[in-house]
Amino acid sequence: MKGSLLVIFASKHGYVKRYVDIIGNALGCDAVPLDKLKKDMFGYDKYLFISSVRGGVISEFKKFAKYLPAVADKLVVCAVGMLPRGENTEKQLKENTIPVEYEDKLPVFYAQGGFDMNELSGGDKMRISMIEKQLKGQSEPGEVGEFVLAAIKTPVDEVKTANIKQLIDFLDGKFVDRALYCPPAEGDGE
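A brief look at the structure comes next.

Conventions we followed
Starting afresh in each chain, residues are numbered from 1 along the sequence in its written order. Totals for whole chains, interfaces and linings use every residue, but because this is a predicted model, local features are given only for residues with pLDDT of at least 70 and side-chain atom pairs only at 80 or more, for both listing and counting. No hydrogens and no water enter the side-chain calculation; it runs on all heavy atoms of the structure. Only DSSP runs of H or I covering at least 4 residues are called helices, and only runs of E covering at least 2 are called strands; the numbering of each starts at the N terminus. A radius of gyration in this sense is built from C-alpha atoms; the matching globule rule multiplies 2.2 Å by the number of residues raised to 0.38. Partly exposed describes any residue whose relative accessible area lies between the buried limit of under 20% and the exposed limit of over 50%, with all areas from a 1.4 Å probe on protein chains only and scaled to the type maximum. Contact between two residues is taken to exist if any of their heavy atoms lie within 4.5 Å; hydrogens are not considered. Surface accessibility follows the Shrake-Rupley procedure with a 1.4 Å probe radius. Residue values consider only the protein chains on display as shielding. Charged residues are defined narrowly, with Lys and Arg counted positive, Asp and Glu counted negative, and His plus the chain ends left uncounted. Throughout, a charge is located at the NZ atom of Lys, the CZ atom of Arg, the CG atom of Asp or the CD atom of Glu. Between rings of Phe, Tyr and Trp, where Trp is taken as its six-membered ring, a pair exists when centres lie within 6.5 Å; planes separated by under 30 degrees are stacked, by over 60 edge-to-face, and by other angles tilted. Expected helix span is given by 1.5 Å per residue-to-residue step, counting one fewer step than there are residues. Here the arc refers to the directions that run from the helix axis out to each C-beta atom.

1. A closer look at the overall build of the protein
(1) Moving on: Scanning the protein from terminus to terminus reveals 8 helices and 8 strands.
(2) Moving on: For 190 residues, the compact-globule formula gives about 16 Å, and the C-alpha radius of gyration of the protein, at 17 Å, lands near that figure.
(3) Moving on: Considering the protein as a whole, with its 190 residues, one finds that 44% of them fall into the buried category.
(4) Moving on: Partitioning the intrachain contacts of the protein with sequence separation of at least 6 by distance along the chain shows that 76% fall at a separation of at least 24.
(5) Moving on: Counting every atom, the protein has about 10,500 Å² of accessible surface; 51% of that belongs to carbon and sulfur.
(6) Moving on: Across the protein, the 26 positively charged side chains and the 28 negatively charged ones have centroids separated by 6 Å.

2. Focus on unusual backbone geometry
(1) Moving on: Positive phi, close to 70°, is recorded for glutamate 60, a residue that is not glycine.
(2) Moving on: Mapped onto the fold, glutamate 60 is located in the loop between strand 4 (57-58) and helix 2 (61-64).
(3) Moving on: A relative accessible area of 32% places glutamate 60 in the partly exposed class.

3. Some words on the packing of aromatic side chains
(1) Moving on: All chains considered together, the criterion is met by 10 aromatic pairs.
(2) Moving on: Between tyrosine 44 and tyrosine 47, the ring centres sit 6.0 Å apart and the planes meet at 70°, which makes this aromatic pair edge-to-face.
(3) Moving on: A residue is classified by how much of its surface remains accessible, and tyrosine 44, at 8% relative accessible area, is buried.
(4) Moving on: Given a relative accessible area of 0%, tyrosine 47 falls into the buried group.
(5) Moving on: Taken together, a centroid distance of 4.8 Å and an interplanar angle of 25° make the contact between phenylalanine 49 and phenylalanine 64 stacked. Of this pair, phenylalanine 49 sits in strand 3 (residues 46-54) while phenylalanine 64 sits in helix 2, placing them 15 residues apart in sequence.
(6) Moving on: Note on phenylalanine 64: relative accessible area 0%, which makes it buried.

4. Some thoughts on helix 6 (residues 122-136)
(1) Moving on: Here helix 6 contains 15 residues, and its C-alpha end-to-end distance of 21 Å stays within 8% of the 21 Å for a straight helix at 1.5 Å per residue.
(2) Moving on: Where helix 6 is concerned, the buried positions are Asp124, Ile128, Glu132 and Leu135. For helix 6, the arc enclosing every buried residue in end-on projection is 80°, short of the 170-degree limit, so these residues lie on one face. In this structure, helix 6 carries Met126, Met130, Lys133 and Gln134 as exposed residues pointing more than 90 degrees from its buried face.
(3) Moving on: As for helix 6, its buried residues are in contact with strand 3, strand 7 (114-115) and helix 7 (142-153).

Structure representation (structure tokens):
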């Protein structure tokens, strides 16, 4: 085996891939895009699935879920989104994405990535334009709404090591404050 950690990722606009590169440089691990993953790659000690957030769920996780029986006890999940981390971000992503039978087993992390309207396809631009119209129609769009409106006008790029330091520490076997991610249920042998 080449290493003890395999990073499995899906990156559409490059923010996730940049985080994969940071993790690889920090931990010296192997990485494979989800669409290149094969069943014979399941001999590692740990796995990290990392992908972007889309519509409140971790994108591509449904495609990855077929591998859960083989890796769930060794898997860590990380979502990368445009928004700054909120108090319940990881918990909400876990509830929206992870199948119920695995929710108590998987630690979930979140890292702010980026957003650039110019990188989007026509369909995605239309969807964002609808969101923009809804937000502008609100008398008080709130902090998240204001952030989204600003990001539509000015690209956001927050990919930096500091945003995944806790994840890297966790993967490296170091202590991580449980308030900084959504841990497995107590007693699940974290």
